[in-house]
Structures are given as C-alpha cells and as structure tokens.
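As a plain string of letters, each chain reads:
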Amino acid sequence: MSATESSPSSSVSTPDPHKPLRDDVRLLGRLLGETLKSQEGEELFEVVEKIRALSKAARAGEAERFDELTEVLAALDLDIAAPVARAFAQFLTLANIAEQHHRVRRRRFYQRQPDASPQRGSCDEAFGRLIAAGVDPQELHRQVCDMEVELVLTAHPTEVVRRTLLAKFQHIAELLAYGDRPDLAPRERQEIAEGLHREILAIWQTDEVRHRRPTPEDEVRGGLVTFEQVLWDAVPDYLRELDRALVQHTGQSLPRDAAPVRFGSWMGGDRDGNPNVTVEVTRRAVWLARWQAADLFAQEVEDLRVELSMRSGSTELETKAKDLWNKDEELREPYRVVLRQVVDRLRATRETMGRRLAGLDARDQEPGEPAIYHTSDELAEPLELCRRSLIETGLEEIADGRLLDIQRRLAVFGLSLVRLDIRQHASAHTDLLDRVTEHLGLGSYRSWDEERRLAFLVEQLEGRRPLIPRKLFPEGPLDDPEDELSREVWRTYQALPGIDREVLGAYVISMARSASDVLAVQLLQREAGMGEPLRVVPLFETLDDLEAAGGVMRQLFELPVYRRQAGDRQEVMIGYSDSAKDAGRLAAAWALYRGQESLVQAAEESGVELTLFHGRGGTVGRGGGPTYLAIQSQPPGSVAGRLRVTEQGEMIQAKFGLPGIALRTLEVYTSATLEATLRPPRPPEERWCQAMDRLADKACQGYRGIVREHPGFVRYFRTATPEVELGELNIGSRPARRRGGQGGVESLRAIPWVFAWTQTRLLLPSWLGTGDGLAALEGEDGLALLREMYRQWTFFRSTLDLIQMVLAKAEPGIAAYYDQLLVPEDLRPLGEELRERLSKTTERLLAVTGPEGGGGQLLADNAVLRRSIAVRNPYVDPINVVQAELLRRLRGPQPEPAAHEAFLTTVNGIAAGMRNTG
C-alpha cells in the first residue's frame, strides 16, 4: 500500500529472479493506495500507513509497538476499522495473485534458457531421470499409457471468496502476464497500469459478503467455471507436453485415447450431512455438466469445421458426406458436411440439457431435431473418420492439430467434463435397511450384530427375489426426520438407473467400518435396478477404522457374492481430515500409512488391483501439502499407477486458477505417480516402524488428553476462536455439523475445526500431540534414531517438514491476544498451556531436523517460504487484531449489525495471508 512508484515488469532476465515479483507487488500496492485515497479519503490512507508502520516495527523486534498497534486498532470506530481491515486483506490478496503469476513467469523464463536442464517434476525431467535409473523406456511408455489418476473436485466450504471477485483476480493476473512482454510500447505499459487500477477500484467497490448461503447448484456452476476458463485449454497443452516427453525419451507417442489424468466431482453428489443435496440437485448437476461439455465441444468442432475446408477426402469420408448431403449442387467440402452433423448433434444435446434445467421438456429432442449424444463413442466415431481421411490423403500434420486436441479432450473429459460420485454416510444406509426389515417383520437391522447383518445381506444378494416393497414410504411428509432421510436415500437409488452411466463415478460410503456397510450398498443398487452398478468405495476415516481397514477388505474379498460384482478391481478411500481430528496429525499420518500397507497386502493376497482414493484437504491439518512430496511418501506398492485424490474448495483455485499453474499441477501429478510406481520407496526398517508406533501412540494420547479429556477444552475452543461465528457465514451449502451435532468437537466437521484455528493462527490441529510423540524417544540414542529416520525415510521427513511449515506460520502472540480479549479468566491457563506446548513442539522438532549440534531455525532449508511468511506477517497481524475486537463486540449484549460484514472481511484477509482457510 506504499506510494512508491513502479511499473509493470518488462523482463525476468535479471540477476535477482524475484525482482519482477517485488516490482509487481509494489505496483499493486501503490494502485491500492491510490484507490484508498480516492474512495475513502487521505485520512484513512494515513491511518492504514500508520498501522502498517507499527506492525512492521513490531515484527522487527520493537515489542512495545505491538501494544501501540492494538491500542490504535481497538480505538477505531467500526466505520474506520472495517475499511482498514479490508485494505490489508486486499493487499494480501493482490500479493497472492502476483505470486501465482510469478510461478508461471519463472517456468516460462526457465524454459527459454537454451542450456537449462528440465524443470524438476516436469515430465521431461522425470522421464530422463527414471530411464537413467534403469527403467526400460518401453515399460515407461506402457505405464504412462495405463496410468489412471483422477482428481476429484469437491465443494467443501473453504472457498471464502466470491466467484465475482475470483474473475477479477484472474484478469489482474492476465494483465501482469501481458506486462511481461518485452516489446511493449510506453503507452501500452501505461494502459496496463490503468487496467490494473480499474480492476483494483472495482474490487474495492464490490461486495465481499455473500448475503445468502450458496446452494449445491451454485457450487456445481462454480466448479464448472474452472473447466470452461482453464482446464479446457490446459489439458490438451499438458497432453502435448507429455507426448513430446514420451517421444523424446521412449520414441513412442501418447495414444489419442490415453487419459492419464481424468476429473471427478462431488459437487451435487455429496449428500453426507448435507440435506440440501437431493435427487433433483444430483440430476441438475449432471445436466449442467453435460450442457457445459456440449457447449465447449460444439464451439471447438465448429472451429475445426471451418479449418477443414479441403475439397476432397478419403472414399470412406466422401461416402459418409454424400449420405448426409441433401442439396442439388455438387458436394465440395466433405469434412464440413460430416462435421456439420456433429455440431448439430452437440447443439441439440446442449439445448436438451437446457430444457431440462429450465423444467420445460424432459424429452431428448424435439421433432425434427438431430439426435443428442449419449456416449463418448458416438462423438468419437466421426472425429476418427476425419482423422483416417486426413492421414490417408497425406494431411497427417493437420490431423495432429485441432482435431487431435478435440479427441484428447474427449478421452479425458467425456461428455460431462467430470464423473459425478455419489457419497452418503454409512448410517443412512443402515437406517434405510432397518426401515425395510421392520416393515417386513424381520426385526431391527440396526440392532443386529455384524455377523447377522452379513448373513442377511449375503442371502439377499445371492437370491433373486426383490426385498424392498415398491411403496415402502407413503406419500406426503413423514413425522420422523430419520424416516424422511431414509426416503431421500431410497429416492437417490431409484434415480440412478435413469442417469447416463458414463457421467457417474463411484458410490462412496462415509464412515465405513465393516463389510456389511459395503454389501448394503451393493444390495440397495440391485434393488433399485442398477443394471451396471456404480463401484462401491468404502471411506475409512477414524483411527480405529483405518487400523481395521485391511481386515474389512480381506473379509469382503473372500465373499464370492461380493467378488462376482466387484471383480478384481477395488477402490478404497482413506480420510485425512477426520483421522487428524480424531487422533492428531502425527498419529493420523502413521495410521494412514499403516492402513495403506494393510490394504495393499489384502489386495495382493486376493489378486485384486487396488486404487487408493486420498481424501486430502488443503491444510496440513487435513492432509494437505506439496503434491509431489505427498505421493512420494506413500507406502511401497500403494500407488501402482492408480490414484484418486480430492481437490477441495480453495485448492481448486490455487492449483487450477491459471492455465500455467494448472499445467504444472497436472505434470507434477503425472511425474510423481510414475516415480512412485516405477521406483517405489524401499520399505522402512522394522525399528523405524516400532519407533513410529511409540511416537504415534504418545502423540495420540497427548492430542486426545487435551481435545477429548480436558474438561474446559470445548468451552475454550468456542471462546478463543471464531468457530461459532464461522458457522453463521454464508460460505458453503453444507452445515458445519453432522446430523444431530450440537455437542463437542466430535460433532464438528473437520473443515470448520481447522478453519477456526487457522484464523487465530494457533493452527492447533496440525501440531498438537507432535511434541508428546517426539518426547517418547528421549536420550541420545532416541534422538539419533529420529535423526536417522528423518534423513533416510521419505514418509517421516515429509511428515515432520509439513508440521515444521505449520509451526513457522503459527503465531502464539496473536493467539494470546484473542485469549486476552475473548476468553474467560478461568480458561486462560489452558491457552497458556497450549502455547507452551507449541514452544516445546518447536524445540523438539528442531532437535530432530536441525543441525546435529542443536539450534537451527524453522524452514532453514526453504528460504523462499520463510521470507514469504515473514513478509506477510506485518499485514496479517492488524487483521487479526481487528477480528479479535470485532468478535468481542459481536459477543457483547448489543452487537452492531455491520460488525458481521466486517468480520467476514477479516476472515478473507487472514485466509489470504495464511494462504489457507481449512
């Protein structure tokens, strides 16, 4: 927000590679300062500058300046405090945009250097390294062609920024990119600065607050924007990069129908704990996706039709064109005739989906309209016909242009861009079957033990008689909410056969604990008439469930009735968020590792190909972290060329918000998956595993001793953090608590649990228990073993490095200020204890990760991240102070209505500064 002059960076060829980033941030800060002056007045600008100076001085070591800072901010009227917080929040957001763009800029600069080696993690670099390590080129090519990575987009309530603002942020990034051109004239540079100023001015005048909670359909539309604006073009670019690397290193091209990366979605299908996701919502989610896909393909094929203006083609193509030609004049452009029908059918598909969305007509087509597309094969056939003709007539180079990109898009996206998963809680299926057995006079399914449930389910699956009466539920509302839920669950199953199978993915069972949870879904799909049932994916989430996962799957694999339907492929999902909330990050990380080992072993013994579905969140406390490191840290044999991963909320924007970032994300997933498959890590030594057992046990005890057993913890959590107020914000469509959850932390979803601690910057879920675990191996021998594990075991190193990053971001002084303003006297000792635990955790972690003589600093090996955190802190601190003061006012006897909107501004700002919400 400084008034220092600057201009858009014209080049990145400078001895200091990060100077262009600083120039961009300085320019954006100046333009924001000018906006503050013009819109709010010179006086507010001076207040902001004073607060910035105090905050920077406090961070420079002048402790008394923090006290002065809090006094200044606490004394501000709300009509001043709110825009002050907005100013700091918007500066952090602009800095983030500049950083995102700088990542793309550095990649392009790097690729321009004639003597530069390939970028680490790129396909080119990974393929060369793998072959140099002894991987056969033919095996590498086969693995790339067979690879199955699916990124599943979810709508968890972590994206606090409105889509309106995200579009403006993207335009700012585009203007910064344009400013990197070296051939710009002075007037063009001035126009870029003016364009940036207009966007910043528009952002300042745009309402940041959602005045209504987004619906599931809003979330679906928001997810599809990512495909329309970024992934539609990034995917063919990525596949061309992959193809070039394959040709260079193996001599073979990527097949046209290869789809090493695909996309799934939970938006509109995830009904676990979200009563707003109904059958109608799921249908509309499918229709929206198919409408968007048809629209994008229609535009692309129309451009191809214009391009393929050749006057002749192969005999096969011309015969097809003549069959379609219904005019008297001579046929001159056979490609255009064939592709005209394709465009017409795509537009008919789009119009049909549009009519369904408008509720006007459920029929597939109007009389005289072309038939709509139902399967990808229908669209693939005429495209392949054009390809054969071009190659036969010597125009292979043209075939490998736009046409190839369309064919590859079809292989990846299909006719719906994403494949929609259905997710439901295991207890909902239990309740439905209980309703059925009670109705039939068979007793209470819910009260049966596992052995009796399994016997019942196996008997039903082996038989042919239908179980569920056609009219199980009467018309009209039901008095019992559980019965109403069961009716909606059954309606979902009944609706699935009417949805095109190609657009559906898996059926995920939340909180799966037993074999009967999986067989129940198999039975319900059969009862609903699913001719080709969805694959059933159990999700193991808690510590106990992860430990039992291998045994549960082994029990299923031994059941003939299960294997007949599931075949020799099985997908299992493991939950990072709830396991960490249950046991703490360190214990959860080890439980996830052990759980994967047991699942891999059970699958191998049963001759089953296993795909692990990782339910990772954005933060470290929910399994987040660098993608490459996360994949490399998995147990040997757990990847094997197959991987599914959730991309949640704000991480969609972070990883796919810009084309260059999206391309890099897809490359990293590819190279990391290949490396984990072809060069899996060696199994850990048994003494390391024994040490981890001790560490995890003590870490879990330390975590639960606070979160579950401390009598004042829940009350402290709800006063020291904005958990209650966050639940009132219009962030996501799903309630913050699970069904019937008004109790303690156990009823809270993992996202708001992490979100609340992120806001106060104590970040407790990501480190609590770690210090207790590391203390379990005391003495010189124990410390030497830990250091050995850190040096030689990727899993252990990555786990501690992620926790180290969190500790570097944590600010106990800020958390103490929240306590001072918000926490009752009797609970403040608990806050002091937590901050002392944070300090001890840092000390013990550095003893392992730092130099062997002791000492060291957090993130010693990551100077860039360390500096990024240090630069952000003076801008985040004032927002925290304002938020704590707003919370004090909101919790007072007469809260000011405007304080709610101001509070959301602080939420956005802290999230921008921390680069995370939940």
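Worth saying up front: this structure is predicted, and the values here are computed from it rather than measured.

K.L.:
For this particular structure, what's the right way to read the packing of aromatic side chains?
P.N.:
Here a ring pair, both rings aromatic, is described through the centre-centre distance and the interplanar angle of the planes. Applying the stated criterion to the full structure yields 29 aromatic pairs. A centroid spacing of 4.4 Å and a plane angle of 25 degrees characterise the contact between Phe91 and Tyr875, whose relative ring orientation is stacked. One end of the pair, Phe91, is in helix H4 (residues 78–112); the other, Tyr875, is in helix H35 (residues 863–890), and 784 residues separate them in sequence. The exposure class assigned to Phe91 is buried, which follows from its relative accessible area of 8%. Centroid distance Trp688 to Trp793: 5.7 Å. Interplanar angle 25 degrees. Geometry classified as stacked. Residue Trp688 is located in helix H26 (residues 686–707), and its partner Trp793 is located in the loop between helix H31 (779–792) and helix H32 (794–809); the two are separated by 105 residues in the primary sequence. Look at Trp688 and you get buried, because its relative accessible area is 1%. The rings of Phe227, Trp232, Phe263, Phe297, Phe413 and Phe656 are connected pair by pair, giving a single aromatic cluster. In this arrangement the basic side chain of Lys37 is found over the ring face of Phe45, its NZ or CZ atom lying 4.6 Å from the centre. A cation sits over an aromatic face here: Arg644 above Phe613, 4.4 Å from the ring centre.

K.L.:
So what exactly am I meant to see when it comes to the confidence of the model for the protein chain here?
P.N.:
Low-pLDDT stretches of the model should not have their predicted coordinates read in fine detail. With 92% of its residues at a pLDDT of 70 or more, the protein chain shows a mean pLDDT of 89. Here residues 3–14 is modelled with pLDDT under 50, and outside its nearest four sequence neighbours on either side it reaches 34 contacts, counting other chains as well. Predicted confidence for residues 620–624 stays below pLDDT 50, and this span has 30 contacts to residues more than four positions away or in other chains.

K.L.:
Would you explain unusual backbone geometry in this entry?
P.N.:
Negative phi values dominate among residues other than glycine, just as trans dominates among peptide bonds. The residue Met511 is not glycine, and still its phi comes out positive at about 50 degrees. Assignment of secondary structure puts Met511 in the loop between strand S4 (504–510) and helix H18 (515–527).

K.L.:
I'm lost on the nonpolar core in this one. Help?
P.N.:
Ranked by size, the top nonpolar core spans 273 residues in total, and within it Phe127, Phe263, Trp767 and Phe796 carry the most contacts. Apart from the residues within four sequence positions on either side, Phe127 is in contact with Leu140, Val144, Leu242, Ala245, Leu246, His249 and Leu674. Within the second largest apolar cluster, eight residues are counted, among which are Trp266, Ala506, Val508 and Met573.

K.L.:
Hey, could you run me through the pairing of strand S8 (residues 642–648) in this one?
P.N.:
For a regular strand, side chains alternate in direction, first toward one face of the sheet and then toward the other. Most of S8 is tucked away: seven of the seven residues are buried. Because side chains alternate across S8, one face comprises the buried residues Arg642, Arg644, Thr646 and Gln648, and the other comprises Leu643, Val645 and Glu647, equally buried. Where strand S7 (residues 609–615) meets S8, two bridges bridge the pair, whose relative direction is parallel. Among the inter-strand pairings, Phe613 is bridged to a residue of S8, identified as Arg644.

Rules and cut-offs
Residues numbered from 1 in each chain as written. Predicted model: local features only at pLDDT ≥ 70, side-chain atom pairs only at ≥ 80, totals over all residues. Heavy atoms only, no water. Phe/Tyr/Trp six-rings, centres within 6.5 Å; stacked < 30°, edge-to-face > 60°. Helix = DSSP H or I, 4+ residues; strand = E, 2+ residues; numbered from the N terminus. Buried < 20%, exposed > 50% of the residue type's maximum accessible area, 1.4 Å probe, protein only. Lys NZ or Arg CZ within 6 Å of the ring centre and 35° of its normal. pLDDT = per-residue confidence, 0-100. Contact = heavy atoms within 4.5 Å. Core = buried A, V, L, I, M, F, W, Y, C linked by side-chain atoms within 4.5 Å. Pairing = 2+ DSSP bridges.

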